[in-house]
Every structure is written in C-alpha cells, then in structure tokens.
Amino acid sequence: MPAVKIDGKAMAEEIRQELAREVDEIKKKGITPAMALILAGDAQDSALYVRNKAKAGEGVGAYAEIHHLSGETTLEELLGLIEKLNLDDKIHGILVQLPLPPHLHEHEKKVMSAILPEKDIDAFHPVNIGNLLIGDRCFRGVTAHACVKILEKLGVELKDKHAVVVGWSIEIGKPVTQMLFEKGCAVTMVHPEAGFTPFTKQADIVIAEVGRPRAITGEMLKPGAIVIDTGANWVDGKSVGDVDYESAAGVAGYITPVPGGVGPMRIIMLIANLVQAAKQKAGLS
Ligand code: GUN
C-alpha cells in the first residue's frame, strides 16, 4: 500500500486558525503581535520568503514590517537597526533573513546574537538554543518544531519510537533531535556524509536534512516508517526534497511531499513564535 501523503498545507491552515483566534483575544487586551523582518540585499528568493513571512503574520491578524537594506549595508548599520528594534516596545519579534550579503557572511553569528533572545522568533540565538538543551522555556527552531508538530498532528505515539535524524544543523538536526528526545523517542542523529542507511533502515521515524536532492530512497527505509523531509532543492526548475518521494512512498507508512509538507508548517511555526513572544511580553503566558 502506498504511503499516506501528509498534507502540510492543511495542517498549517488548522494552526493558522488557532493562532488567529489567539491573536483576536490578545488584541482585546490592546496588544497586536508585531514583527520586524530585515532583508539585506536584493536576492529575489529571499525577498519572496520575507514577503511570505509578512503575509503569514498578517494572515493571523499580526502586524509585520519589512526593513529592506541595500546589499552594501555595513555591519554597523545592520546592528544599529537591530538595536533600534530591540528597544522598540511595539515590536515583539525580529528576524534577519539569511543568507546575508557576502561581505557580512563572517558576521552571521554576531548578527543573530544581537537580537534580544525574547524577540528571537527564528530561535537562532545561543540563549534559545541553550535553553532548549537544558529544558527551559525558549523559542524553538521553526523547521524542527514543524517536524514535531506534524508527528503530533498525525497522532503518532512518540514514546519509545526510534527516530533517526539525518542532519545536524543548528536550525533543524540538532533541535529536532532534542525535541524528539524530550517526547520520549530513542533518537539517533547521523551525519549526512556518514553511511546512514543501516540507521534509516531501523527507523520508525526519519527526519531528512541531508542537503542533497533525493538522497534517501525507499530501499533505505523500514516498511511503514514515517518520513519527514525538510529538504528543498531546486532541480530542473522544480523544488524537490532530500527524499526520493516516488520510491520512498512505496515503502513508508506516511511521508511529507516537497513542496506542500514541511514548508507550509515552517512558516506558521514562525508565526506561532511571534504570538508566543507577544504573550510573554504582556505577561499572558
Ligand atoms: N533563510 C532561509 N531559511 C531561513 C530561516 O528560517 N530564517 C532566516 N532568518 N533566514 C532564512
């Protein structure tokens, strides 16, 4: 039997509606969740992502403003803008779209660490990452959180499942490993350059962050596995995942498509972080 295709768009819409109701309630108390999105440079894809993030915020009734800096902007200008937004009481969430222009690449960590942890809706600040590890309240990386939400929405009992995470980034692999561990999974994190097949073959859940198109195929999976594909690779004019959907769907029990799986969930989890930031600032959670 072919795998069930997980509808990330429908799941994201359910969460959008829940968040819109929450925002309605917060607005009655005189607070409008507000985020500032910073885009440096003119990369078309980054500009589109930023517009989509703003639209997603507006879609729940939040306020979003885009700060578009030139591709030649200096580190001082960028840090100055972040500082101004840190001090702005009306702004609850700040996001700097990556990648930064080439001359600022080496300063990425400094830029991300300049955002106040309580406004860091991307959850890239070392304080948020550290708090996740020690089990304290924090923002959760949106893609990692999207993977866990998908599993929760499927109604999967996570306790005692073996999850294999192929990937290690600070945005996905590391936080999703921790979040699944918190849920009672046995988690194995494998480097994408290591031989991961012996691990994926035993996995009840596979989280794919391989960074290469169609790198995980059906024969690398255990029958009935749940496969969550965080990849987005541009191949022959279309977006394809890190999992070879066709062969994997013949073996897996559930699988996320690309596009339409993790992608729509990522963006709504960012908005969930914004709503959380606004509630925390107002002492409502
Ligand atoms: N560029 C690609 N993905 C992301 C993301 O999740 N956050 C930010 N800030 N930039 C990105």
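Predicted model only: the values in this text are computed from it and were never measured.

(A) Local environment of unusual backbone geometry. With an omega of 0°, the peptide bond running from Leu98 to Pro99 counts as cis. You can see Pro99 is positioned in the loop between strand 4 (93–96) and helix 4 (108–114). Along the chain, Val258 connects to Pro259 via a cis peptide bond; the corresponding omega equals 0°. Secondary-structure assignment places Pro259 in the loop between strand 11 (254–255) and helix 10 (262–281). In this model, Asp160 sits at a positive phi of 75°, which is unusual for a non-glycine residue. Counting through the fold element by element, Asp160 comes out in the loop between helix 6 (142–153) and strand 5 (162–166). Despite not being glycine, Arg214 shows a phi value in the positive range, around 50°. Within the secondary structure layout, Arg214 lies in the loop between strand 7 (205–208) and strand 8 (226–229). Under the relative-accessibility criterion, Arg214 is labelled partly exposed at 38%.

(B) The site of the ligand, seen in detail. Lys53, Leu95, Val96, Gln97, Leu98, Asp122, Phe124 and Arg266 make up every residue found near the ligand. Within the side chain of Asp122, an N or O atom sits 2.6 Å from a nitrogen atom of the ligand. In this structure, an oxygen atom belonging to the ligand sits 3.1 Å away from a side-chain N or O atom of Arg266. Expressed as a share of its isolated accessible area of 280 Å², the protein-covered part of the ligand is 80%. In terms of residue class, the shell around the ligand is built from four nonpolar, one polar and three charged.

(C) Representation of the UniProt feature "domain: Tetrahydrofolate dehydrogenase/cyclohydrolase NAD(P)-binding" (unreviewed entry) in the chain. The UniProt record annotates "domain: Tetrahydrofolate dehydrogenase/cyclohydrolase NAD(P)-binding" (unreviewed entry) at residues 143–281. Here residues 143–281 runs as 36% helix and 19% strand, with 24 Å between its end C-alpha atoms.

Cut-offs applied
- Residues numbered from 1 in each chain as written.
- Predicted model: local features only at pLDDT ≥ 70, side-chain atom pairs only at ≥ 80, totals over all residues.
- Heavy atoms only, no water.
- Helix = DSSP H or I, 4+ residues; strand = E, 2+ residues; numbered from the N terminus.
- Buried < 20%, exposed > 50% of the residue type's maximum accessible area, 1.4 Å probe, protein only.
- Near = heavy atom within 4 Å.
- Polar contact = N/O pair within 3.5 Å; in protein donor to acceptor, adjacent residues only side chain to side chain.
- Areas by Shrake-Rupley, 256 points an atom, 1.4 Å probe, with all protein chains shown as cover.
- Nonpolar A, V, L, I, M, F, W, Y, C, P; charged D, E, K, R; others polar.
- UniProt positions renumbered as here; feature names shortened; annotations may be inferred.

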